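A closer look at the structure
Listed below are the residues making up each chain.
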Amino acid sequence: MKRLTIGILAHVDSGKTTLSEALLYTAGELRKLGRVDHGDAFLDTDALERERGITIFSKQACLHLENTEITLLDTPGHVDFSAEMERTLWVLDYAILVISGTDGVQRHTETLWKLLHHSHIPVFLFINKMDLARHSREELMNELQNKLHKNCIDFSEQNADFFESLATCDETLMNEVLETDSARPETIASAIRQRHVFPCLFGSALKFEGVKEFLKLLDDDTLPLPACPEFGAKVYKISEDEQGRRMTHLKITGGVLHVRDILEDTAPDGTHWEEKVNQIRIYSGTKFQPADKAFPGMTCAVTGLSRTYAGEGLGTEQNASQPILEPIQQYSVILPPEISVHTALMAFRRLEQEDPQLHVNFSDQLQEIHILLMGEIQLAVLQHILKERFSISAEFQAAGVVYKETIRNTVEGAGHYEPLRHYAEVRLLLKPLPPGSGLQFFSICREDTLDRNWQRLILTHLAEKQHSGVLTGSPITDMKITLTDGRAHKKHTEGGDFRQATYRAVRQGLMQAESVLLEPYYQFTLRVPAECIGRAVTDLQNMGADFSAPETHGEFSVLKGHAPASGMMTYHTNVMEYTRGRGNLSCIPDGYAPCVNPEEVIERIGYQPEADLDNSPDSVFCSHGAGTLVKWNEVEHYMHTESYLKSRAESRAEPIRPPVRQAYTGSLAQDEELMKLFERTYGTIQHDKRDKSHILHTEKQPKSRPAPVPKGAEYLLVDGYNIIFTWENLKKIAAESLDAARAELIQKLCSYQGMRGCKLIIVFDAYKVRNNPGSIENINENISIVYTKEAETADTYIERVTHELTHDHYVRVATSDGMEQFIILGNGAYRISAEELRQEVLKAEKQIQSYLKKS
Ligand SMILES: Nc1nc2c(ncn2[C@@H]2O[C@H](COP(=O)(O)OP(=O)(O)OP(=O)(O)O)[C@@H](O)[C@H]2O)c(=O)[nH]1
Ligand SMILES: [Mg+2]
């Protein structure tokens, strides 16, 4: 019996809850059928949900099929509750994406698709409301293939055409279809699991059409997940039961969880906790079955834990990474006089454990609570919850959008913390990343100068806090922060010293950088009566919006584009006014981009970076036995370690340029392949005004990047599997035996190394192998074969190593993988494509042949 957790996702009102109901009823789990529209659906159980007819909280139900035990998670579709939806993604084995046959692929559907891609979740598509659909199946299939993925395949009829289209999706399927004109269910299931095929079925959840077939598809074409023997679980939700007992909803990923097991973890404030599991409940709708144990693949609710939070990893599981969809509107809480700020703060802190995206912030100065929200509906729901659960009638006042900051140039930050009997020193390199990258942390510090455990601690300190920028004190983003050096003292370094040094180093770096203020943007569609178009265009221009020429739809004009959220948020009311209620504005969050009026915002916020004592850029040094504060701009003179940038600049004084042929000296825009990749990942650049700033910095970056100094030996790093799957002859061998292909590649590269005389490192991914510590096989002093350890891909390994090697060596990396090329360039190494490597290897083989002939 397979145990799987499957989530249902879609744009609001597509019929997720109705489909869940139909699946449960068809599988025999429900005796009585409820309906969203009658306020008695099995999964829309909350009073607010029934009242509004929408799903607000994710909920679970159990389905027992012939071969599969499914925990179904129904999620909210409204953008205001996307944080709730995004949290469930973390625990899904598969997703069902519901498409409304009447509307087709909507903007939010595309966002969901990107999130599923990002989380590597295999997807089944149910095209619902076909009883009302205006489009034919062919039209809808075309739309899915164009807007989502070309491998969306109609699974309604399994005929010759079907197998032919399957064959184009995956190599194993292709071989099987070529040989047998058909494909085995296992092969299809495996292609679905790998996200090579996305099965689509049509139907109507309300009319029970296509529902039975869909259930069968889920039962037959899914695969169980491998589980680790040790206990691991992911907390995706915190809620309260009817008696107000706190419940931790988790998905077991390894081992077995028993009632009365003791669980432990470290809380965000750094304290350790151990608590006993009181009850394990398997929920289905509002009802639950108590259980003694829970197994991998199962999702259950546990009572007895008071300190867990959504996004926490227990046992062998790591915490979840930062969510992608974020609230952008800030509110201050206005409390009635009888409620003290501290009572309210306790309530908000509890709600924050349930929804960490609330980002509850207490301003000591103003004695005010600030929170972040997605929109008006979430606000109304929060108000209701405060009243019901905490008897607090609060009002909320919009306090503007959430700004962020990034930097435009690479800088080095230095931090030192040495009051009497304390010691820690940290050096960080802060480098800008493309928009939407978030913060990334690495270490290239040598372990003989700073022990690995201290390094790990510094990386934890980098990740544990929302670091504030120096323009407005807003959170920083889109930067790569690398630990380059640090020092500890054998006797005096204590827990907490590195936290001080790290925070100070970040701020000291930011003080030197050219900072950029970012603001949230919306993608909007504005529909107004044709006579109002002049007014609309003027307003949008004033807001700093970027839009295409108006389209005419009958007596209406439609404008589409991007605009700063700050202006758009309140623009709805203006539209209603000047169109006399006939206009319509719809907005979807669209990430962050440089602020249109930074000076104005910076002045309004009036942030004084050096007066922000909680985020000081200064350092503490020991002078005559006492700790003395040293201003950030003088810290460098006192530091005990060498500056990374300075030592690189000095070694650059003796320029030995690498051969021009391989050097990457052009701009990003000149490299067509890279440009395409960049655009695929981060969106089109040229046509988009807002993004100009990042063209500037990405174009500048490779140019101003210091050339590597090839003092030491030349290195060639090869991404093994990447080459195997790009070189035709190896690919053929790999189809028979991967071991044989690997051996062949190693043999070829060894002869090549003999001719070329470089140092050679061949890297193979072995990161999916559980508990694998990784290994390095040294064939001789010049050739190493690396198998990456668990959770480390070949490209992370290559990135780490190139970073270290480029100090002293001329490094080339052979790969055809897009993302990796981008990272490698950033590190100052040179890339060669799989084809270039093949040519070089062929040339070396020819040379060897001619030597052999001569001798
Ligand atoms: N005609 C028709 N109506 C449907 C079908 N499926 C759902 N509906 C209707 O569509 C509306 C929304 O259905 P829900 O199941 O609440 O949609 P949802 O995706 O769960 O919505 P949220 O959870 O709020 O995002 C309801 O009025 C349903 O009765 C269908 O197959 N055909
Ligand atoms: Mg719903």
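Refer to the structure printed above.
As a starting point, this report considers the structure included with it. Here the structure is a predicted model, which is why all the values come from computation and not from measurement.

**Things to note about the overall build of the chain**
Across its full length, the chain carries 26 helices and 39 strands. Principal axes of the C-alpha set define a box for the chain whose edges measure 85 × 75 × 70 Å. For the chain, with 855 residues in total, the buried portion stands at 52%. Of all intrachain contacts in the chain linking residues separated by at least 6 positions in sequence, the fraction that spans at least 24 positions is 71%. Across the chain, the mean location of the 92 positive side-chain charges is 3 Å away from that of the 121 negative side-chain charges.

**Description of the coordination of the magnesium ion (ligand 2)**
When a metal carries six donors in an octahedron, the ideal angles between them are 90 or 180 degrees, while four donors in a tetrahedron ideally lie at 109.5 degrees. The coordination sphere of the magnesium ion (ligand 2), as far as protein atoms go, consists of Thr17 (OG1) and Thr55 (OG1), spread over 2.0 Å. With Thr17 in helix α1 (residues 16-26) and Thr55 in the loop between α2 (47-52) and β2 (59-64), this residue pair connects regions lying 38 residues apart in the sequence. With respect to class, Thr17 is no different from Thr55; both count as buried.

**Section: the sheet that holds strand β18 (residues 329-334)**
Think of a sheet as strands paired side by side through backbone hydrogen bonds, with each pair either parallel or antiparallel. Judged by pairing direction, the sheet is antiparallel, and its 4 strands sit side by side in the order β19-β20-β18-β21 without closing on themselves. With one partner strand each, in any of the chains shown, β19 (361-363) and β21 (395-401) form the two edges of the open sheet. Across the sheet, the mean angle separating the axes of adjacent strands is 35 degrees when strand polarity is ignored. Against the sheet, helix α11 (residues 376-390) engages β18, β20 (368-373) and β21, with an angle of about 145 degrees to β21.

**A look at the sheet that holds strand β39 (residues 830-832)**
Read across the sheet, 6 strands follow the order β36-β37-β35-β34-β38-β39 without closing on themselves; strand pairing throughout is mixed. The open sheet has two edge strands with one neighbour each: β36 (775-780) and β39. The average undirected angle you get between the axes of adjacent strands in this sheet is 20 degrees. Sheet topology places strand β34 (residues 715-719) next to strand β38 (residues 811-814); 4 bridges connect them, and they run parallel. Paired with Leu717 across the two strands is Val813, which belongs to β38. Where helix α23 (residues 738-756) meets the sheet, it contacts β34, β35 (759-764), β36, β37 (783-787) and β38, and its direction lies at approximately 165 degrees from that of β35. Set on the sheet, helix α24 (residues 794-805) makes contact with β34, β35, β36, β37 and β38; between it and β34 the angle comes to about 170 degrees.

**Section: the environment of Leu250**
Position of Leu250 among the secondary structure elements: in strand β9 (residues 246-254). Placed 49 residues apart in sequence, Leu250 and Thr299 show a C-alpha to C-alpha distance of 5.6 Å. When neighbours within four sequence positions are excluded, Leu250 is seen to be in contact with Ala233, Lys234, Val235, Tyr236, Leu257, Met298, Thr299, Cys300, Val302 and Leu314.

**So, the site of ligand 1**
Around ligand 1 sit 20 residues, and of these Lys16, Thr17, Thr18, Asp37 and Thr55 come closest. Within the backbone of Ser14, an N or O atom sits 3.2 Å from an oxygen atom of ligand 1. In the environment of ligand 1, an oxygen atom lies 3.1 Å from a nitrogen or oxygen atom belonging to the backbone of Gly77. Contact with the protein chains covers 91% of the free accessible surface of ligand 1, which is 650 Å². Element by element, the count of residues in the shell around ligand 1 is highest for α1, at 3 residues. Among the residues making up the shell around ligand 1, the classes are represented as 6 nonpolar, 8 polar and 6 charged.

**Observations regarding the packing of helix α12 (residues 452-464) against helix α13 (residues 497-512)**
For the pair α12 and α13, interaxial distance at closest approach is 9 Å and the crossing angle is 55 degrees. One element, α12, and the other, α13, form an angle in the oblique class. Relative to α13, α12 is oriented so that their crossing is right-handed. Judged by residue contacts, Trp454, Leu457, Ile458, His461, Leu462 and Glu464 of α12 engage Phe498, Arg499, Thr502, Tyr503 and Val506 from α13.

What counts as what
- Residues numbered from 1 in each chain as written.
- Chains lettered and ligands numbered in written order.
- Predicted model: local features only at pLDDT ≥ 70, side-chain atom pairs only at ≥ 80, totals over all residues.
- Heavy atoms only, no water.
- Helix = DSSP H or I, 4+ residues; strand = E, 2+ residues; numbered from the N terminus.
- Buried < 20%, exposed > 50% of the residue type's maximum accessible area, 1.4 Å probe, protein only.
- Contact = heavy atoms within 4.5 Å.
- Lys, Arg positive; Asp, Glu negative; His and termini not counted.
- Charge placed at Lys NZ, Arg CZ, Asp CG, Glu CD.
- Donors = N, O, S within 2.8 Å, 3.2 Å for Na, K, Ca; no water.
- Pairing = 2+ DSSP bridges.
- Axes fitted to C-alpha atoms, helices over the stretch in contact; angles between N-to-C directions.
- Near = heavy atom within 4 Å.
- Polar contact = N/O pair within 3.5 Å; in protein donor to acceptor, adjacent residues only side chain to side chain.
- Areas by Shrake-Rupley, 256 points an atom, 1.4 Å probe, with all protein chains shown as cover.
- Nonpolar A, V, L, I, M, F, W, Y, C, P; charged D, E, K, R; others polar.
- Parallel < 35°, antiparallel > 145°, perpendicular 65-115°, else oblique.
- Left-handed = near helix turned anticlockwise from the far one by under 90°.

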